[in-house]
Amino acid sequence: MSLREKILEVGKGMPHTKVKVPLKWLQVENEVYDLASKGTNYITWEDFKKNIYDEICQFEIEDDFEVLLHFLHDRGTVVYHGCANDKRSLVVLNPKWLVGILCQIITVEKQSEEDFKIHNHRKHLGRTGILHAELLDDSCERLKLNVIKDSLLDIMKKFNLLCEYTSKEGNSIYLVPCMLTSKPDDELKLNIPRNQEPPPVYITFNTQYVPGGLFSRLVVLFVEFAERRIDFDQPKLSANCAHFFIGEFTGIEFVCYKRVIKVRVWDHVNSNSNPVEKEPHICSELLRYVFDDCQSSSFFLSHLCCHFLFHIARKKISDILNIEMYDN
């Protein structure tokens, strides 16, 4: 089967294929292209409705406006993650401009006419994955984007580029795992007795390799999961390794290799003991998240049928946690 035939086959199975849309919606789309070509890169929800939708779709049903925005977003014409209740929601008319702007904000490369302090913040971003608030403010001011800074942060969160969590000191921290360039140091290299550690779990893919960008997105999603459900300390990260301390004894490690992602839990207080036995409720929640929530989410489904291979000793974990495990 040729590539063209495969694309057509996939296209026929998509939910929007052959669904009728109003002709005026295509006129709205053309107006968006025209505005973007003239340098209008973004607009608010309110202005989009007033200056574009109401002018072209004068007799359309009011509720169709929100549907139209999501239609244009699905087609890649605009980027929209707002809601009808917020008339100041951002509608990006030029997605290419958005990509360029986000790259300039979170890059670790020194920018022109940038002072030494900001450059150090960029180096820190590459080492730790933490986007310093001063770097964010400086980038938005330099790019004249202060008015939409919060909206850009929301977009980065929606795209799993960035996550926000609260440190033990109560400070908000922005984490951008995809910008990590550092290799694991000695602190990130676990030395756990083989007879004590629970068996690791390996996430594999039908593509025979880990899709680009997936590991950093997994880290973002796990930070959000961990902060939402379990009290945890600041993660320790590198370009292909992440450690989280999510319990009094329990730590979890993600290691990204070329073909697989390894997931392992360990006791970060006493390496000679098994956290599965000490904190079974935390380990159970972790495994359910990795095997159920992640597997069923669009995050993994969009990367071609992720499936899980278990270590030969997996039965020991399922017996201890009293949960059923199985292969797809």
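Every value quoted in this text rests on a predicted model; they were computed, and no experiment measured them. (Residues numbered from 1 in each chain as written. Predicted model: local features only at pLDDT ≥ 70, side-chain atom pairs only at ≥ 80, totals over all residues. Heavy atoms only, no water.)

**Student:** Teacher, can you tell me more about the sheet that holds strand β3 (residues 90-92) here?
**Tutor:** Strand pairing in a sheet relies on backbone hydrogen bonds. The paired strands run either parallel or antiparallel. Taken in spatial order, the three strands make up an open sheet running β1-β3-β2, and their pairing is antiparallel. Here the strands that pair on one side only, and so sit at the sheet edges, are β1 (42-44) and β2 (79-80). Sitting on the sheet, helix α5 (residues 95-106) is in contact with β1, β2 and β3, with an inclination near 105° to β3. (Pairing = 2+ DSSP bridges. Helix = DSSP H or I, 4+ residues; strand = E, 2+ residues; numbered from the N terminus. Contact = heavy atoms within 4.5 Å. Axes fitted to C-alpha atoms, helices over the stretch in contact; angles between N-to-C directions.)

**Student:** I tried to follow the sheet that holds strand β5 (residues 163-166) on my own but got confused; where do I start?
**Tutor:** In spatial order, the strands read β4-β6-β5; together these three strands make up an open sheet with antiparallel pairing. Of all strands in the sheet, those bounded by a partner on one side alone are β4 (130-131) and β5. As defined by bridge partners, β4 adjoins strand β6 (residues 172-175) across two bridges and the pair is classed as antiparallel. Looking across to β6, one finds that L131 is bridged to Y174.

**Student:** Honestly, helix α6 (residues 116-128) in this entry has me stumped. Any pointers?
**Tutor:** An α-helical segment advances 3.6 residues per turn. Residues three or four places apart therefore align on the same side. Its 13 residues give α6 an end-to-end C-alpha distance of 18 Å, which sits within 8% of 18 Å, the value for a rise of 1.5 Å per residue. Taken as a whole, α6 has its buried residues at I118, H119, H121, R122, L125 and G126. Looking down the long axis of α6, one finds its buried residues gathered within 155° of arc, a one-sided arrangement. Contacts made by the buried residues of α6 are with α5, β4 and α7 (133-142). Of the residues flanking the start of α6, the one acting as N-cap is D115, its side-chain oxygen 3.2 Å from the backbone nitrogen of K117. (Expected span 1.5 Å × (residues − 1). Buried < 20%, exposed > 50% of the residue type's maximum accessible area, 1.4 Å probe, protein only. Arc of directions from axis to C-beta. Polar contact = N/O pair within 3.5 Å; in protein donor to acceptor, adjacent residues only side chain to side chain.)

**Student:** Is there a simple way to think about unusual backbone geometry in this case?
**Tutor:** A negative phi holds for most residues other than glycine; trans holds for most peptide bonds. Phi angles above zero are rare outside glycine, and K144 is one such case at about 60°. Checked against the element boundaries, K144 lands in the loop between α7 and α8 (149-158). A relative accessible area of 72% places K144 in the exposed class. Positioned with a positive phi, N160 is a non-glycine residue whose angle comes to about 60°. Residue position: N160 is located in the loop between α8 and β5.

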